[in-house]
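# Architecture at a glance
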Amino acid sequence: MPPLLSWLAAVTTVVLCPAVVLLLRLRARSAAELAAERRARAQTVRHALIVQELHEVVAHQVSVMTLGIGAGRMTMGRDARRAAGTLKDAEESGRQALGELQRMLGVLSAFTGVPPSRTPQPCLDDLPDLLQEMRGRGLPVDLVQDGSPAPAAPGVELSAFRIVQEALRDTEGASRATVTLRWRRRLLEVLVSDDGPSRPIGQAARERAALVGGSLTVEGHADGHAVRARLPLH
């Protein structure tokens, strides 16, 4: 190669190599930033969906309160004008609160893509139906109650139900599973165990537990896999 061409090749290499390296670094940074944005977006959607469900719990409770107050006002045995007026005001306040909650659910629904529900969110009383559904899919599931069931906040029951639901969805490789509810003073421990291989659980389950002041751990051992959530009753 003539000296001039060799010189030009060397200069080109010196000039272009740093530019190429910089371009590759920028592309790598852009990919990392995009991945981080996607993770943040997914987390935000999970949070919004959880909040939407909890607001539906509140909306249902307010609806029950409104109907109860209305029935009480109409069936009072005594003609107490002042009490009737108070009940009427409370009924109207309940209706307004319900309307505000429904509007809030509409906003959250537009963000999550999940339409708001007019029916109550699931609770622990709905677990038998969930387990029966899993049996219909070919997974034998037992339900064990340890201790005396105690009243729990609706949000806690919803979180417990969803944690069980998510744990049972991911049972590939398992031939059977057991759901154990351990009732302790001021605490509900939810244990979902199976004989399948150890595996992680979705972040949404951990966030549900944390949202009500609880915790969630995943345990892998020789006999199988377990998801354990510890949730305060209130």
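Keep in mind that what you see is a predicted model, and the values were worked out from it rather than measured.

This next bit is on the sheet that holds strand S3 (residues 187-194). Each strand in a sheet pairs with its neighbour through backbone hydrogen bonds, running either in the same direction (parallel) or in the opposite one (antiparallel). Ordered in space as S1-S2-S3-S5-S4, the five strands form an open sheet in which the pairing is mixed. Each edge of the sheet is formed by a strand with only one pairing partner; in this case those strands are strand S1 (141-146) and strand S4 (215-221). Sheet twist, expressed as the average angle between the axes of neighbouring strands with direction ignored, equals 15°. Relative to strand S5 (residues 224-232), S3 runs antiparallel, the two sharing eight bridges. Pairing of Asp 194 across the sheet is with His 225, part of S5. Each of S1 and strand S2 (177-184) touches helix H3 (residues 127-136); the most contacted strand, S1, lies at about 155° to it. Sheet strands touched by helix H5 (residues 203-211): S4 and S5. Its angle to S4, the strand with the most contacts, is close to 135°.

Let us look at the side chain of Thr 171. Considering the arrangement of structural elements, one finds Thr 171 in the loop between helix H4 (154-169) and S2. Filtering out sequence-adjacent residues up to four positions away, Thr 171 remains in contact with Leu 139, Asp 194 and Arg 199.

Of the pockets and cavities examined, the largest pocket occupies roughly 170 Å³. Lining the largest pocket we find 14 residues, and of these Leu 124, Asp 125, Gln 145, Glu 157 and Trp 183 sit closest to its centre.

Extensive coverage of S5 is indicated by the burial of seven of its nine residues. As paired elements, S4 and S5 share seven bridges and run antiparallel to each other. Directly across from Thr 217, in S5, lies its bridge partner Arg 228.

Further remarks concern H4. The first and last C-alpha atoms of H4 sit 23 Å apart over 16 residues, in line with the 22 Å expected at 1.5 Å per residue. A large share of H4 lies buried, amounting to 14 of its 16 residues.

Further remarks concern the nonpolar core. Grouped together as the largest cluster of nonpolar side chains are 31 residues, with contacts concentrated most on Val 141, Val 164, Leu 168, Leu 188, Val 190, Leu 216 and Leu 231. Listed by contribution, the elements that provide at least two residues to this core are H3, H4, S2, S3, H5 and S5. Per-element accounting of this core gives the leading share, seven residues, to H4. Those residues in contact with Val 164, other than ones at most four positions away along the chain, are Leu 127, Leu 130, Val 179, Val 190 and Val 192.

For the rest of this paragraph, the subject is the packing of H4 against H5. Contact pair H4 / H5: the axes reach a minimum separation of 9 Å and the direction vectors enclose 160°. Accordingly, the angle class assigned to the pair H4 and H5 is roughly antiparallel. For the pair H4 and H5, the sense of crossing is left-handed. Taking contact as the criterion, the partners of Ser 159, Arg 162, Ile 163 and Glu 166 in H4 are, on H5, Ala 204, Ala 205, Arg 208 and Ala 209.

Looking now at the pattern of salt bridges. Across all of its chains, the model carries 10 salt bridges by this definition. Between Asp 170 and Arg 199 there is a salt bridge, with the nearest N and O atoms lying 3.7 Å from each other. You can see Asp 170 sitting in the loop between H4 and S2 and its partner Arg 199 sitting in the loop between S3 and H5, a full 29 residues away along the chain. Since its relative accessible area comes to 33%, Asp 170 is described here as partly exposed. You can call Arg 199 buried: its relative accessible area is 11%. Linking Glu 189 and Arg 230 is a salt bridge whose minimum nitrogen-to-oxygen distance equals 3.2 Å.

The rules behind each value
- Residues numbered from 1 in each chain as written.
- Predicted model: local features only at pLDDT ≥ 70, side-chain atom pairs only at ≥ 80, totals over all residues.
- Heavy atoms only, no water.
- Pairing = 2+ DSSP bridges.
- Helix = DSSP H or I, 4+ residues; strand = E, 2+ residues; numbered from the N terminus.
- Axes fitted to C-alpha atoms, helices over the stretch in contact; angles between N-to-C directions.
- Contact = heavy atoms within 4.5 Å.
- 1 Å grid on protein atoms, 1.4 Å probe; cavity = no way out; pocket = protein on both sides within 12 Å on 5 of 7 lines; lining within 4 Å.
- Points joined across faces, edges and corners; volume = space filled by probe spheres on them.
- Buried < 20%, exposed > 50% of the residue type's maximum accessible area, 1.4 Å probe, protein only.
- Expected span 1.5 Å × (residues − 1).
- Core = buried A, V, L, I, M, F, W, Y, C linked by side-chain atoms within 4.5 Å.
- Parallel < 35°, antiparallel > 145°, perpendicular 65-115°, else oblique.
- Left-handed = near helix turned anticlockwise from the far one by under 90°.
- Salt bridge = Lys/Arg side-chain N within 4 Å of Asp/Glu carboxyl O.

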